[in-house]
Amino acid sequence: EPLPENAAWLREQGVPCFTAAVGDHNGWCHLLVPEGDERWTGAHAEEGTGTMLWTLAHLVGLHGPFDVCKCDIEGGEYATFLHASDETLQRIGYLAIECHEWTVDGQERRPGIGHRPGTPMFATPAELATRLERTHRGELGDGNIFGERR
């Protein structure tokens with residue numbers, strides 16, 4: 001969970017979590033929640049709340065295998081999962097991924113959380129689902145991907 005207040009609340013509930021965002025590389029990112037628009041949090045290079053950025057491989061290395069990985073990372077899902085190795089993905093039991101397409105309603109596409117400039121940023125939910133078929137049985141529905149490890 002990248003937002004410190006959410007991570008603190010989760011820990012109070014007994015849910016172990018790290019205060020970090022997930023992306024296609026390890027490093028640092030800034031989260032931006034536009035004022036008056038709590039619907040999304042995105043990455044921005046120069047402003048917003050700063051947090052660590054980790055790959056799925058790094059998280060699996062710190063935590064060990066995951067039972068469930070639920071992601072709503074505002075466009076960052078493409079870079080995160082397209083760059084993850086099969087070995088890393090096979091250490092995650094169940095995936096629940098909300099996919100975002102930033103061309104809806106004429107909106108321009110925005111870089112997702114943790115996107116590294118110069119790497120592929122976007123795919124379609126169907127392309128991401130096809131990529132994940134190598135490691136997970138699942139379905140794509142209403143822009144969301146659900147999958148259980150093969």
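Relevant structure appears above.
A few points on the structure. Not measured: the values here are computed from a predicted model.

### Thoughts on the pattern of salt bridges
By the definition in use, this model includes two salt bridges. Where D86 meets R131, a salt bridge forms, and the shortest distance between an N and an O atom there is 2.8 Å. With D86 in helix α4 (residues 86-89) and R131 in helix α5 (residues 125-132), the pair connects residues that are 45 residues apart, well separated along the chain. Taking the relative accessible area as the measure of exposure, R131 reaches 8% and is therefore buried. Across the pair R134 and D86 runs a salt bridge, and its minimum N-O distance is 3.1 Å. You can see R134 sitting in the loop between α5 and β7 (136-141) and its partner D86 sitting in helix α4, a full 48 residues away along the chain. Judged by its relative accessible area of 27%, D86 falls in the partly exposed class. One network of salt bridges, with partners in common, ties together D86, R131 and R134.

### Details of the sheet that holds strand β5 (residues 66-71)
With respect to topology, four strands assemble into an open sheet ordered β5-β6-β8-β7, the strand pairing being mixed. Bordering the open sheet on either side are β5 and β7, each of which pairs with just one other strand. Going from strand to strand, the sheet's axes swing by 10 degrees on average, the running direction of each strand aside. Relative to strand β6 (residues 92-98), β5 is paired through five bridges, and the arrangement is parallel. Of the residues in β6, the one forming a bridge with V68 is Y94.

Calculation notes
Residues numbered from 1 in each chain as written. Predicted model: local features only at pLDDT ≥ 70, side-chain atom pairs only at ≥ 80, totals over all residues. Heavy atoms only, no water. Salt bridge = Lys/Arg side-chain N within 4 Å of Asp/Glu carboxyl O. Helix = DSSP H or I, 4+ residues; strand = E, 2+ residues; numbered from the N terminus. Buried < 20%, exposed > 50% of the residue type's maximum accessible area, 1.4 Å probe, protein only. Pairing = 2+ DSSP bridges. Axes fitted to C-alpha atoms, helices over the stretch in contact; angles between N-to-C directions.

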